[in-house]
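Survey of secondary and tertiary structure
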Amino acid sequence: MEEFKYLIPEESIDAIMSNVSTLRRIENNLRGVFTKNKYLEVLMPSFEYADLYNNMDIGIEEEKMFQYINYEGKRVALRTDFTVPLARLYSSQNEQGEKRYCYFGKVYRKEKRHKGRSSEFFQAGVELLGKGGFVGEIECLNIIQQSISLLELKDVKIEISSAKFYNRLCELVDDESFVKILKRRDISSMERLVNKKDIQSPLKELLLALPQSFGGIEIVDKMITQINDDLLKEALVELKDLYGRLEMKDIFSFDLAMTPNMKYYTGIIIKGYSPYSASPIINGGRYDKLMNHFQKDVPAIGFSYDLSNILKAIEREEEDNA
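Just so you know, these numbers come straight off a predicted model, no measurement behind them. (Residues numbered from 1 in each chain as written. Predicted model: local features only at pLDDT ≥ 70, side-chain atom pairs only at ≥ 80, totals over all residues. Heavy atoms only, no water.)

A closer look at the layout of surface pockets
Stated precisely, the cut-off is as follows: Only protein atoms enter the 1 Å grid used here, on which a cavity is any set of points holding a 1.4 Å probe that cannot leave and a pocket is any open set flanked by protein within 12 Å on both sides along at least five of seven lines; residues with an atom within 4 Å of a point are listed as lining. Grid points are joined across faces, edges and corners, and a volume is the space filled by probe spheres set on the points. For helices the rule is a DSSP run of H or I covering at least 4 residues; for strands it is a run of E covering at least 2, with both sets numbered from the N terminus onward.
Volume-wise, the second largest pocket comes out at about 200 Å³. Glu137, Glu238, Gly267, Ile268 and Arg286 are the residues nearest the centre of the second largest pocket, which is lined by 14 residues in total. For the lining of the second largest pocket, the secondary structure elements donating two or more residues are α4 (133-147) and α10 (230-245). No other element matches α10, which puts four residues into the lining of the second largest pocket.

Comments concerning the side chain of glutamate 127
Worth spelling out the cut-off: Any pair of N or O atoms that falls within 3.5 Å is considered a polar contact. Within protein, one atom must be able to donate a hydrogen and the other to accept it, and sequence-neighbouring residues count only if both atoms are side-chain atoms.
Locating glutamate 127 in the fold gives a position in strand β6 (residues 120-129). Among the polar contacts listed, one links the side chain of glutamate 127 to the side chain of threonine 83, at a separation of 2.9 Å. A distance of 2.5 Å separates polar atoms of two side chains, one belonging to glutamate 127 and the other to tyrosine 287.

Let's talk about the environment of aspartate 229
In plain terms, the rule: Any two residues whose heavy atoms approach within 4.5 Å at even a single point are treated as in contact.
Mapping aspartate 229 onto the fold places it in the loop between α9 (217-226) and α10. Linking aspartate 229 and glycine 32, residues 197 residues apart in sequence, is a C-alpha distance of 44 Å. Setting aside residues no more than four positions away along its own chain, aspartate 229 makes contact with Arg168 and Leu172. A distance of 3.0 Å separates the side chain of aspartate 229 from the backbone nitrogen of leucine 232, its partner in a polar contact.

Focus: the side chain of glutamate 120
So the rule is basically this: Remark: exposure states derive from per-residue accessible area (1.4 Å probe, protein chains only) relative to the maximum for the residue type, with buried under 20%, exposed over 50%, and partly exposed in between.
Relative to the helices and strands, glutamate 120 is located in strand β6. When its relative accessible area of 11% is taken as the criterion, glutamate 120 is described as buried.

Side note on the packing of aromatic side chains
The condition is simple: Only Phe, Tyr and Trp rings take part, Trp by its six-membered ring, and two of them pair if their centres are within 6.5 Å. Stacked means planes under 30 degrees apart, edge-to-face means over 60, and tilted covers everything else.
In this structure the tally under the stated criterion is eight aromatic pairs. A centroid spacing of 6.2 Å and a plane angle of 40 degrees characterise the contact between phenylalanine 34 and tyrosine 305, whose relative ring orientation is tilted. Taken as a pair, phenylalanine 34 in helix α1 (residues 20-36) and tyrosine 305 in strand β12 (residues 300-306) lie far apart in primary sequence, 271 residues in all. Both residues of the pair, phenylalanine 34 and tyrosine 305, count as buried. For the pair phenylalanine 47 and tyrosine 68, a centre-to-centre distance of 6.0 Å together with 90 degrees between the ring planes defines the contact as edge-to-face.

Focus: α4
Turn by turn, an α-helix covers 3.6 residues, leaving residues three or four places apart pointing in a common direction. So the rule is basically this: In this scheme, a helix's expected span is set at 1.5 Å multiplied by one less than its residue total.
With 15 residues, α4 ought to run about 21 Å at 1.5 Å a step, and its terminal C-alpha atoms sit 22 Å apart, in line with that. Residues of α4 that are buried: Gly136, Glu137, Ile138, Glu139, Cys140, Leu141, Ile143, Ile144, Gln145 and Ser147.

Here it is as structure tokens:
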């Protein structure tokens, strides 16, 4: 055991020393924004029954959870996500109508070995339950706008897309390789897929253009003209209408090849990026069907800041500008 005295497991984050004051400052600044917008801070339990996640098929594979068997013989997992426990909280408290939650804490997910990634992540975020449509989306996007300058990073950009658009494409293509191709933005593999499935126009042209379909509102406008599927067109028209209602448009762009990181998203999906982070620093979206698992028909939307990635990006930005 002597060899372990000075080591920590590879899954763990090493002690934060030099930038702990930065972390606390950002947390406090975000807390101020959340409070100003009337979000109630909740302190969620670190442990959940594993079946809470497994029974919903939300996109977190069971092998990514840290689990153990408790004294009752039931499987318990370290918290992998805040959204599902907060949805459960809303239901168990018999809440009605709009409810605003905010949170700060860690989530735990197993990562592939030797990838330089830990398995614990600092997060801060908000969940807005009971507010559907554009008003809920604009409220959340406004909070993001208010908070961008508080992240102590330059050139943060927010990309938006639609889970409704993505899910319909998955139905139409009906091939397991499609999502991997989108994630890699692999044009050659997309061409092979289109030929293998003998996909016809205009869906053929849409798919071939999809890996490079990111940028301003003109990308959405162009794609709408190429579509004859009603559900695909409806999803993009909703995105365009939402964009038209935003007051500050300069930090927003579109990525129509975006793949949602959770299966529960049903509408807008949101990702925020810094030039100094390979991974998103903001993730979120609308999830109007999640509450059905708790016998509630309640629209909902939320997003989280990955404070771990934000801290790394701040360090790299400071090194680059030193």
